[in-house]
Amino acid sequence: MRNFKRPVAIVASASFETPSEPSRNEVELLLPVIHDALGQVGLTQQDIGFTVSGSSDYLQGFPFAFVGALDAVGAWPPIRESHLEMDGAFALAEAVAVLQHGHVDTALVYAFARPSRGDLDRTLSIQLDPYSVAPLWPDARGLAGLQAQAMRDSGRFDSVPEVPPTHVADGCTAVVLAVGDRARELTKTPVWITGIDHRIEAPALGVRDLATSVSTRLAAESAGATDVDAAYLHVLYPHQELLLRDALGLNGQPVHSSAGPMMVGGLERIAAAAKAVAAGDARRAVAHATSGPCLQQNLVAVLDATAVLEGAAA
Amino acid sequence: MKTDVLTAPHSIEYTYTRSTGPMIGAFMTGLRDGKIIGVRGADGRVHVPAIDYDPVTSEDLSELVEVADTGVVTTWSWNDQPRSGQPLEHPFAWALVRWDGADTAMLVAVDCGDASTISTGAKVKARWADERTGTIHDLCCCELQS
């Protein structure tokens, strides 16, 4: 998706990450971060047209856990709200789509997780094929190792790093979006999302060529991820950065990779890219988020200091 | 001051019964009988485990194909700290194994002692459970073939 009829910009964002949050619950983690993001552009929740979040109930350990997190935004008077059992980056893609409808001009996207309380490698195995894979409880690091070895065997990479333990961190990110002139009212440095798309590959690991990232390449083509001068990549294990550089056709641009908290890290990369563009450190950046085992699903967003003019879609 | 931490058991589980359907069901029934069953995809490739829909074209698939219980490792990683519920209690290799007669690979544990013994392309043979019930656990793991 690109050349939006209604240009959408990131106008504010805030993030928090810690290796292990000892006491605060999800709502208490989110409250200061959401208020920071909204406060940067002088908004309150009442000014937000659409609110959407990304998180995983499996990390909290009970069904509909995400509903409790709404206390961090306040759901009364009633708000238009949605939730994805995914990284917040995919929630941002939903917000961009909703903003195209024309009914609302602003959106709040947030993501949160506290995986430090459990065994993340074990919890992530529940996302796998429930018949032939999940019952084996494969650890996420072990599956990542299958991809790293496939890369070594392909002979297409000079050196593939060893797979470290799975990154575990707690935290949250909040991003405020606004459309067209509303974005220009709110900030002198709106960062325009000129393209965004996400693609998924087959769930069966043995069907895929693990030494490429076809879904990243397709998402990047659709989002128009060319002529970028910086990349912000959601990398859960170091070898994945090599596949992503390849799939995105990066060629010497500075690459800023981070894993971040599970369910948060992708949205955090988009927020980090937007901060860099707003600060003038990059003119046009590509941001990436991933979900699922071995880069199964990938989202690519293009962030630009300059908007594609309204009506320029044709 | 000594502090006691209260703990309570809390198991995460999927508390629903679901039907496996005609293709995955055939794969599971095959395991019970000591056979490995795949399905022919839209492009002629044989997928194992058998799946209902082609992963590229999404077409309904229906032509079941029995493959061998011997195959080759297409990629692997070493698991030196097995966790609760995993196929073996001692260190083992996770591997994607392409059974002879199949075109795609599936995840299995390979019981091979240490990491130096396994490599991509290694030949393996299934080790079957003595009592089989029609689940993936009927296929305990694989052993290396010389």
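Residues numbered from 1 in each chain as written. Chains lettered and ligands numbered in written order. Predicted model: local features only at pLDDT ≥ 70, side-chain atom pairs only at ≥ 80, totals over all residues. Heavy atoms only, no water.

Draft legend 1. Representation of the overall build of chain A within the structure. Along chain A, the regular secondary structure elements total ten helices and ten strands. In terms of C-alpha radius of gyration, chain A reaches 19 Å, essentially the compact-globule figure of 20 Å for 314 residues. Along the three orthogonal principal directions, the C-alpha set of chain A runs to about 55 × 45 × 30 Å. Every one of the 314 residues in chain A was classed for burial, and the buried ones make up 62%. Within chain A, contacts between residues at least 6 apart in sequence are counted, and of these 79% link residues at least 24 apart. Accessible surface, chain A as shown: approximately 12,100 Å² in total, 52% of it carbon and sulfur. Here chain A contributes 22 positively and 35 negatively charged side chains, and the mean placements of these two sets differ by 4 Å. (Helix = DSSP H or I, 4+ residues; strand = E, 2+ residues; numbered from the N terminus. Rg over C-alpha atoms; globule rule 2.2 N^0.38 Å. Buried < 20%, exposed > 50% of the residue type's maximum accessible area, 1.4 Å probe, protein only. Contact = heavy atoms within 4.5 Å. Areas by Shrake-Rupley, 256 points an atom, 1.4 Å probe, with all protein chains shown as cover. Lys, Arg positive; Asp, Glu negative; His and termini not counted. Charge placed at Lys NZ, Arg CZ, Asp CG, Glu CD.)

Draft legend 2. Looking closely at the domain arrangement of chain A. All names here are of chain A. For chain A, the assigned domains read domain 1 (8-117 + 167-190) and domain 2 (123-162 + 195-304). Inter-centroid distance (C-alpha atoms) of domain 1 to domain 2 is 22 Å. Counting the surface lost from both domain 1 and domain 2, the interface buries some 2,200 Å², and carbon and sulfur atoms represent 74% of this. On the domain 1 side of the interface with domain 2, the three residues burying the most area are Asp87, Phe90 and His167, jointly 25% of the side's total. At the junction of domain 1 with domain 2, the criterion picks out zero salt bridges. Elements with a minimum of two residues in the side of domain 1 that touches domain 2: strand 1 (8-18), helix 2 (57-60), helix 4 (88-100), strand 4 (106-113) and strand 5 (170-179). Per-element accounting of the side of domain 1 that touches domain 2 gives the leading share, six residues, to helix 4. Of the residues contributing to the side of domain 1 that touches domain 2, the split by class is 18 nonpolar, ten polar and three charged. (Domains from an automatic or database assignment. Buried area = accessible area lost by both parts, 1.4 Å probe. Salt bridge = Lys/Arg side-chain N within 4 Å of Asp/Glu carboxyl O. Nonpolar A, V, L, I, M, F, W, Y, C, P; charged D, E, K, R; others polar.)

Draft legend 3. Just the packing of aromatic side chains, in detail. Residue and element names in this part refer to chain A. Summed over all chains, the structure comprises three aromatic pairs over all chains. Centroid distance Phe64 to Phe66: 6.1 Å. Interplanar angle 45°. Geometry classified as tilted. Ring centres of Tyr110 and Phe112 lie 6.2 Å apart, and the angle between their planes is 25°; on these two criteria the pair is classed as stacked. Like Phe112, Tyr110 is buried. (Phe/Tyr/Trp six-rings, centres within 6.5 Å; stacked < 30°, edge-to-face > 60°.)

Draft legend 4. The arrangement of the pattern of salt bridges in detail. Summed over all chains, the structure comprises 23 salt bridges over all chains. Close ionic contact of Arg269(A) with Glu268(A) constitutes a salt bridge, the shortest N to O distance being 3.0 Å. Overall, Arg269(A) belongs to the buried group, its relative accessible area being 8%. With a relative accessible area of 16%, Glu268(A) lands in the buried category. Across the pair Asp111(B) and Arg127(B) runs a salt bridge, and its minimum N-O distance is 2.9 Å.

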